[in-house]
Amino acid sequence: MRKIGAALAGTAAMLGAAISAPASAQIFFYPPEHEGQPVTGAEPGLFVPTMTGGQPADIRANLVWNLRSSLNVAALNCQFWPSVMSVDNYNAILTHHADELNDAYEGLKSYFRRTAGRQWQATMDEYTTTMYQSYVRVGSQRSFCHAAAETARDALARPKGQLHVTAQNRMRQMRNSLVSYADATMPYHQPVPVPPLLRLEESCWRSTSYNTRRC
């Protein structure tokens, strides 16, 4: 029994090494690829809700505020993955890009004052609430958090005044990540190498030592 237990332990170790070899430090065994082309913010279907009749300054403000909204959702919903520091990075972005974020918020206020009249505040509140909710997807939480982690690091690496560049380059990725993505620990159509099982007959043993020359 002791011989068999030792052999099985050795086999388990080899199996573990074979299966874990391609593992990543990220949340996924094989991370999803959700990258997309840069955007202006006016692309149909990119944002929910859609900004109607926005001028270039309005569209840019909406783009930057969508980035903030998505990272805010990530800060709340990605804390299960501590190594990406979703809360710390989000707070650092608010500080580092405070001026540009303030400009974006004022830009949204100007848009709703122009388009919604006296009801602009209520209309804007409803609009931004729906914006936040558009980034909450239960089935895509991990893929969204993966994209948000990359986006937050990109934003922190940008000089002040360049947050809109991160938004242009990353918001397609953020939107694409809002789909259910199965963790490909055992990827489809990709065989996982498994070493052959050890032979356990008596001739393979010399006392309590396994004889690799015989078996």
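Remember, it's a predicted structure, so these values are computed and weren't measured experimentally.

Counting its secondary structure elements, the protein chain contains seven helices and two strands. Beginning at the N terminus, the succession of helices and strands in the protein chain can be written as α-α-α-α-α-α-α-β-β. Split into buried and exposed, the 215 residues of the protein chain put 38% on the buried side. Considering only contacts within the protein chain whose residues lie at least 6 apart along the sequence, 75% involve residues at least 24 apart. Carbon and sulfur atoms form 56% of the exposed surface of the protein chain, whose accessible area is close to 12300 Å².

Throughout the structure, instances matching the rule amount to five salt bridges. In this structure, the salt-bridge partner of Arg170 is Glu150, at a minimum N-O distance of 3.6 Å. Taken as a pair, Arg170 in helix α7 (residues 163–176) and Glu150 in helix α6 (residues 141–157) lie far apart in primary sequence, 20 residues in all. Linking Asp154 and Arg170 is a salt bridge whose minimum nitrogen-to-oxygen distance equals 3.3 Å. Remark: Arg170 occurs in helix α7 and Asp154 occurs in helix α6; sequence separation between them is 16 residues. Within this structure, Glu150, Asp154, Arg158 and Arg170 form a network of salt bridges that share partners.

With that out of the way, let us pick up the confidence of the model for the protein chain. When pLDDT is averaged along the protein chain, the result is 82, and 79% of the positions lie at 70 or above. Per-residue pLDDT, averaged within each element of the protein chain, yields its smallest value for helix α1 (residues 2–20) (42) and its largest for helix α4 (residues 98–116) (97). Confidence drops under pLDDT 50 across residues 1–25; counting only partners more than four residues distant or on other chains, this segment forms 24 contacts.

Turning our attention to the nonpolar core. Ranked by size, the top nonpolar core spans 40 residues in total, and within it Leu71, Phe112, Tyr135, Phe144, Met171 and Met174 carry the most contacts. For this core, the elements supplying multiple residues, two or more each, are α2 (56–77), α3 (86–96), α4, α5 (120–133), α6 and α7. Here this core gets nine residues from one element, more than from any other, and that element is α2. Those residues in contact with Tyr135 that sit more than four places away from it in its chain are Phe47, Asn66, Ser69, Ser70, Val73, Phe144, Met171, Arg175 and Leu178.

Cut-offs used in this document
- Residues numbered from 1 in each chain as written.
- Predicted model: local features only at pLDDT ≥ 70, side-chain atom pairs only at ≥ 80, totals over all residues.
- Heavy atoms only, no water.
- Helix = DSSP H or I, 4+ residues; strand = E, 2+ residues; numbered from the N terminus.
- Buried < 20%, exposed > 50% of the residue type's maximum accessible area, 1.4 Å probe, protein only.
- Contact = heavy atoms within 4.5 Å.
- Areas by Shrake-Rupley, 256 points an atom, 1.4 Å probe, with all protein chains shown as cover.
- Salt bridge = Lys/Arg side-chain N within 4 Å of Asp/Glu carboxyl O.
- pLDDT = per-residue confidence, 0-100.
- Core = buried A, V, L, I, M, F, W, Y, C linked by side-chain atoms within 4.5 Å.

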